Amino acid sequence: MGGACASKQVSASSSASASSPSASSASASLQPASSSREPHMAANNVSSERRVSLNKTVKPQPRRGLLGLRSVGRAVMRLTFGRMQHTAQNRISPYDTSSTPASPVSTAISNATRQLRENAADIPPSSSAAAALPPPQSPSRAPSKVVLPPLEPSKLKPHLNKISSEVSNKPAIPSADIKRTSSTPVSPRPNDGPPFPREGISANWLKSFVKSNRAQLFSWVSKEYLKPEHGGGGEVQVTADTLDTHRDRIAAAAADGDGKPVTVSYTQIPFEDMTTDNVCFAIVKPETEERRCSYTEFLETEPGSPHGAHVTRQGGRGWVAPATMFISHAWRYRFLDVADVIIDMVDEMDDASSVYVWFDVFTVNQHQTTVVQPSWWYTTFKEAVGVIGHTVLILLPCLDPVPLTRAWCIWEILSTIDGGALLDIRLPKEEQLRFITFLVEHGSKQVVNALVKIDVNRAEAWNHNDRDNILNAVREYPGGASGVNKKIKDSIREWICKSTEIGLDLVSAADRPTSKLLMDCTSLMQEMGRYEAAEPLLVEALAGRRAAFGESHPNTLACMNNLANTYTGQGKYDLAIHMYHLCLRRLDESSSDLAKDVRVTMLKSANNLASVILERYSHRADEAEDLLNLALSGLKREVGREDPATLSAMNNLATLMQGKGPSHFAQAESLYQEALEIYRETVGENHPSCLNVMNNLGNLLKSDGYLEDAEVLLRKSMTGRRRELGDKHPDTLTSMNNLAVLLKDLKKFDEALPLYREALESKLSEIGSEHPTTLTTMNNLAVLLLRLGQFEEAEQLAVQTLEGRRRVLGNDHPDTISTMQTAATLMKSVGKVNETMELYKELVDCRKKLDGEKSEKYGDVLHSFAIFLKSIDRYADAQAKFTESADIYAIVLGQNNDKATRARESASIMEEALAGTN
């Protein structure tokens, strides 16, 4: 995850939201940052959100001591066992075919932050987590790099047997409630193709099948593809001794695409070494040859099968019934690896007799290759997998699983996610042991890099027609291939995160706080926006690093920086500022010969601190500007212009300049354009960091009056974030808000309203009702509803926003004052006279305190108050307010300004009205 990348994360940078001062408020902070704009009229009190980049720092962490074990304590992940085989095999099935001195830096930061520390001295940590942080301690011993011993399988197995990973996709109807009583196949849509076979085999029958075939030898003939030098175009004999070599040759022909048809005679192959493909040719097809039917149909009418079907019933239930579990796997797997996973799962259940497995080698008629329309995949197949309600995805080998490269399996995973079914990721026993061992010893970063590289465009299938049809269906999917990749990557990433949590349970209590795995776990949580879950783990990590390495060690400072980022992601700005100050203070107290990685961490923290100051304390913009200039120049020198941390600071400084008003727009645009150009060249236009800058530049162009150009960028940013990050990611919701603001300004109300509603609904469910960005969208929706004349709903939202901003930001924050104006206008519209009067009085005092008596915004508030007083026949008071606002406009904008002229005219009308009443 690169430095200024998307909204979550640790190791290089992360994001948050920010708002800034005055009429156009900017924001600077983490990467999911947001900023608020507040034009003075109530109907325009709409806030745009910009993402400012926050830098996350994670150094490779030295591990110490020996690896210990402790009880897992919770069953989060079921990864089951068996043995791994790196073989390739065809699939014959219509359903799955298969440097610089430190002293100047120290001095500069000391000068730039002296006043900041004085201002922050009175900001105590305001959460129990921060209060729990241990005081600084001396290092207990020098950091050392210890090589971990190998895990002992005998110790791990009792724990691993309890582990399970079930990725819930929040279905509208829980899978447990799905009715499975009907044996009627799922009907296709008109002209889509054949119905989906819904029958599954009993898990108990599968046990019987496996038991009866163990230690048996099989011979069969099949058609395959080999290179000419390996027998392609002729005939080949394969025995148990040559089986592995033969499979390697099949894989080579498939990889190079130069295989020739070959007739292969397999002789005396042990059942234990057979793949699913082998079972199809050696058992399934021969037994069903006479009737040319599926194996499930065969079992229903031929109870005397020699391979386990002779026990036809148990407890009154048959061996075939509507499937309750869909198996997603690759046919090149050893059949026993797949079967053992299923059997181990069933053994954990209370009622194994109720489990019926959709296992394609048995469920699908292997004598037919059915040709279907592309739409069949998008309708009949996809819907049927969702109805089954539980998909078991079997991954082999654990760090390079075959299913993630197969078009069939990818579509099965997507169908599960979209259908609201349970996605249950499993590994055979030996693979799980290998997987957990790798996690504990190497951390989860390499696992993420290995597994989250799925690309449906590169997926393969033995039957090219199947692959082409699936890809055609992918193109019809919202977001296309990128949308499919994103959904599946998110599910895999969530599973890795849960696996990492389990790996932490296997690290000794003494080593856990300083382990690389702990930091990796928090990184994954931040990437997924799970800041609340990451916080206690980072608190634990910081305590351990303080004790082991001391306050000024790079590992400790990196952890402080990441904890501050997590606070920012939750809107805990005071805590974030406190933690960033601790980070910077370490630099001031250190010697001038600091190591480069320490200097870089400090500069990142300076950038992040400036971001949070803009988010929370917009009146301290000058302090933030000093920090950002320091961070940008220092990072360019230390790590270069193209480093993610440098680009993060560049983005944030542009955001600050934007917030300073039109006279600084040119400088802001230049910085945004520079960052955007570098991102496009280095990581591509679809990278979250590039989309972040695109969003911010769109907001700037909107403020500068280039609405059409802004619309292009904001639509592109929102579409890209939906595709790359998901609909509910904080950055995506930021883009929704910003595009809705622009559409409102363009009077495209029909488009703006649903965007606001979607963004607000998602923010309420994902980050809560009092997160600053939630309140921003709530305020903006209220303003739009006011414009549309929907006063009652608008007033309720405005009051809710005002109450939330009072609690979160305080009465004197610009956003709070902006919402007071909106709420006052709406209360007046629904006839709440007394409430409107009190709110206007408070609004006048707050605006006077914030902007001064001789400011345009103060004049605007007085003018609005006068209009309200006029509406309730308080002509004398209205005349006084009109006159006062006219005098302010004349001083600030000139005697002949339109605002001053209109205010004087209104005062004259009130004077005439008073004369008439007398």
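The residue numbers shown here count from 1 along each chain, following its written sequence. Local features in this predicted model are restricted to residues of pLDDT 70 or higher, and side-chain atom pairs are both shown and tallied only at a pLDDT of 80 or more, whereas totals for entire chains, interfaces and linings draw on every residue. The side-chain numbers reported here are obtained from all heavy atoms of the structure, hydrogens and water having been left aside.

A.B. asks: Please provide a residue-by-residue account of the overall build of the chain, values included.
C.D. replies: The secondary structure listing takes helices from DSSP runs of H or I that are at least 4 residues long and strands from runs of E that are at least 2 residues long, numbered from the N terminus. Scanning the chain from N- to C-terminus turns up 34 helices and 12 strands. For the accessible areas, the method is Shrake-Rupley and the probe is 1.4 Å, while residue cover comes only from the protein chains on display. Of the roughly 34,000 Å² that the chain leaves accessible, carbon and sulfur atoms contribute 49%.

A.B. asks: Go over the pattern of salt bridges with me, naming the residues and quoting the values.
C.D. replies: In what follows, salt bridge is the name for a side-chain nitrogen of Lys or Arg lying within 4 Å of a carboxyl oxygen of Asp or Glu. Across all of its chains, the model carries 34 salt bridges by this definition. D340 serves as the salt-bridge partner of R214, at 3.4 Å between the closest nitrogen and oxygen. Of this pair, R214 sits in the loop between α4 (203-213) and β5 (217-226) while D340 sits in helix α8 (residues 335-348); the two residues are 126 residues apart in sequence, bridging distant segments of the chain. Its relative accessible area of 18% is what places D340 among the buried residues. Through salt bridges with shared partners, a single ionic network connects E711, R715, K748 and E751. A 1.4 Å probe rolled over the protein chains alone gives each residue an accessible area, and that area as a share of the maximum for its type sets the label: buried under 20%, exposed over 50%, partly exposed in between.

A.B. asks: A description of the packing of helix α33 (residues 875-893) against helix α34 (residues 898-917) should follow, citing residues and the corresponding values.
C.D. replies: Running from N to C, α33 and α34 point in directions that differ by 160°, and their axes come no closer than 8 Å. Relative to α34, α33 is oriented roughly antiparallel. Every pair of crossing elements has a handedness; the one defined by α33 and α34 is left-handed. From α33, Y875, A876, A878, Q879, F882, T883, S885, A886, Y889, A890 and L893 reach across to α34, where they touch K899, A900, A903, R904, S906, A907, M910, E911, A913 and L914. Broken down by class, the residue content of the contact of α33 with α34 amounts to 14 nonpolar, four polar and three charged. Note on definitions: angles span 0 to 180 degrees between N-to-C directions of axes, and those axes are lines fitted to C-alpha atoms, for helices only across the stretch in contact. Here is the rule for angles: anything less than 35 degrees is roughly parallel, anything more than 145 is roughly antiparallel, 65 through 115 is roughly perpendicular, and the remaining ranges are oblique. Crossings are assigned a handedness: left-handed for a near helix turned anticlockwise from the far helix by less than a right angle, right-handed for a clockwise turn. Any two residues having at least one pair of non-hydrogen atoms within 4.5 Å are treated as being in contact. Here the nonpolar group is Ala, Val, Leu, Ile, Met, Phe, Trp, Tyr, Cys and Pro; Asp, Glu, Lys and Arg are the charged ones; every other residue, Gly included, is treated as polar.

A.B. asks: Could you give me a rundown of a nonpolar patch on the surface, with the residues and numbers involved?
C.D. replies: The grouping of I891, V892 and L893 at the surface amounts to a nonpolar patch, some 240 Å² of accessible area in total. Residue position: L893 is located in helix α33. Every patch collects residues that have over 30% relative accessible area and no salt bridge, joining them within 9 Å if they carry like charges and within 5 Å if they are nonpolar side chains (Val, Leu, Ile, Met, Phe, Trp, Tyr).

A.B. asks: Could you give an account of helix α11 (residues 407-418), with specific residues and numbers?
C.D. replies: For a helix, the expected span equals 1.5 Å multiplied by the residue count minus one. Across its 12 residues, α11 extends 16 Å between first and last C-alpha, which sits within 8% of the 16 Å expected from 1.5 Å per residue. For α11, the tally of buried residues reaches 11 of 12 residues, placing the bulk of the element in the interior. Taken together, the buried positions of α11 are occupied by A407, W408, C409, I410, W411, E412, I413, L414, S415, T416 and I417. Among the residues trailing α11, G420 stands out with phi positive, at a value near 70°.

A.B. asks: If you had to explain the sheet that holds strand β6 (residues 235-238) to someone new, which residues and values would you point to?
C.D. replies: Any two strands with at least two DSSP bridges between them are considered paired. The strand order across the open sheet built from three strands is β5-β7-β6, with neighbouring strands paired in mixed fashion. Pairing within the sheet leaves two strands with one partner each, and these edge strands are β5 and β6. Taking each pair of neighbouring strands and ignoring which way they run, the sheet shows an average axis angle of 20°. Across four bridges, β6 lies against strand β7 (residues 260-270) in parallel orientation. Directly across from V236, in β7, lies its bridge partner V264. Sitting on the sheet, helix α6 (residues 276-288) touches β5 and β7, and the angle it makes with β5 is about 125°.

A.B. asks: Give a description of the pairing of β7 that names residues and reports values.
C.D. replies: Looking at chain direction, β5 and β7 are connected through nine bridges and run antiparallel. When the bridges of β7 are listed, E224 appears paired with V262. Read as a crossover between parallel neighbours, the route from β6 over helix α5 (residues 243-256) to β7 is right-handed. If the strands point away from the viewer and the path from the first strand over the helix to the second runs clockwise, then the crossover is right-handed.

A.B. asks: Please set out the packing of aromatic side chains residue by residue, giving values where relevant.
C.D. replies: Each pair of aromatic rings taken from Phe, Tyr and Trp, with Trp reduced to its six-membered ring, is defined by centres within 6.5 Å and is described as stacked if the planes are under 30 degrees apart, edge-to-face if over 60, and tilted in the remaining cases. Evaluation of the coordinates by the stated rule reveals 21 aromatic pairs. Ring centres 4.7 Å apart and planes at 20° place the aromatic pair F326 and W358 in the stacked group. Of this pair, F326 sits in strand β9 (residues 325-328) while W358 sits in strand β10 (residues 356-358); the two residues are 32 residues apart in sequence, bridging distant segments of the chain. In terms of burial, F326 and W358 fall into one category: buried. Ring geometry for F435 and W495: centres 5.0 Å apart, planes at 15°, overall stacked. Placement of F435 in helix α12 (residues 429-442) and of W495 in helix α15 (residues 480-505) is noted, with a sequence separation of 60 residues between them. Each member of the pair, F435 as well as W495, carries the same accessibility label: buried.

A.B. asks: Could you give an account of the environment of W205, with specific residues and numbers?
C.D. replies: Tracing the chain through its elements places W205 in helix α4. With a relative accessible area of 0%, W205 lands in the buried category. Considering only alpha carbons, one finds W205 and W319, 114 residues apart in sequence, at a separation of 6.1 Å.

A.B. asks: Give me unusual backbone geometry: which residues, what numbers.
C.D. replies: One non-glycine residue, Q268, lies in positive phi territory at about 50°. On the secondary structure map, Q268 appears in strand β7. For R292, which is not glycine, the phi torsion reads 50° and is therefore positive. Considering the arrangement of structural elements, one finds R292 in the loop between α6 and α7 (295-301).

A.B. asks: Describe in detail the pairing of strand β11 (residues 390-394), supporting the description with residues and values.
C.D. replies: Within β11, five of the five residues are buried, which leaves it mostly tucked inside the rest of the structure. Along β11, one buried face is formed by H390, V392 and I394 and the opposite face, lined by T391 and L393, is buried too. Pairing geometry for β11 and strand β12 (residues 422-426), over five bridges, is parallel. Its bridge partner lying in β12, T391 is registered against L423.

A.B. asks: Explain the packing of helix α18 (residues 554-569) against helix α20 (residues 596-616) to me, using residue names and the numbers behind them.
C.D. replies: One can describe the packing of α18 onto α20 by two numbers: an axis separation of 10 Å at closest approach and a directional angle of 15°. Classified by the angle their axes make, α18 and α20 are roughly parallel. Judged by the sense of rotation from one axis to the other, the crossing of α18 with α20 is left-handed. Contacts between α18 and α20 involve P554, L557, A558, N561, N565 and T568 on the former and, on the latter, D597, V598, T601, M602, K604, S605, N608 and V612. Its residues assigned to classes, the contact of α18 with α20 comprises six nonpolar, six polar and two charged.

A.B. asks: Please provide a residue-by-residue account of the side chain of R721, values included.
C.D. replies: When you line up the elements, R721 lands in helix α25 (residues 707-725). Neither His nor the chain ends contribute to the count of charged residues, in which Lys and Arg are positive and Asp and Glu negative. For the buried R721, no salt bridge exists, and the shortest N-O distance to an oppositely charged side chain is 4.1 Å, to D731. Polar contact criterion, stated in full: a pair of N or O atoms within 3.5 Å, where within protein one must be able to donate a hydrogen and the other to accept it, and residues adjacent in sequence count only if both atoms are side-chain atoms. One polar contact links R721 to N692, side chain to side chain, over a distance of 3.3 Å.

A.B. asks: Can you explain α34? Please cite residues and give values.
C.D. replies: Under the 1.5 Å per step criterion, the end-to-end length of α34 is 29 Å for 20 residues, consistent within 8% with the ideal 28 Å. Along α34, the positions that sit buried rather than exposed are K899, A900, A903, S906, A907 and M910. Down the axis, α34 shows its buried residues gathered within 125° of arc, on one side only. Counted as exposed and oriented over 90 degrees from the buried face of α34: D898, E912, A915 and G916. Buried positions along α34 lie against α32 (856-871) and α33. Capping the start of α34 is the job of one residue whose side-chain oxygen sits 2.8 Å from the backbone nitrogen of K899: N897. The directions considered for the arc run from the helix axis to the C-beta atoms.

A.B. asks: Account for the environment of D845, naming residues and giving values.
C.D. replies: If you trace the backbone, D845 turns up in helix α31 (residues 833-851). Taking relative accessible area as the criterion, D845 reaches 52% and is therefore assigned exposed.

A.B. asks: Account for the confidence of the model for the chain, naming residues and giving values.
C.D. replies: Per-residue confidence from the predictor is reported as pLDDT, which spans 0 to 100. Mean pLDDT for the chain: 74, with 74% of residues reaching 70 or above. Considering only residues more than four positions removed or in separate chains, one finds that residues 56-191, a stretch of pLDDT under 50, has 393 contacts. Taken as a whole, residues 304-317 scores under 50 in pLDDT and shows 34 contacts with residues more than four places along the chain or in a different chain.

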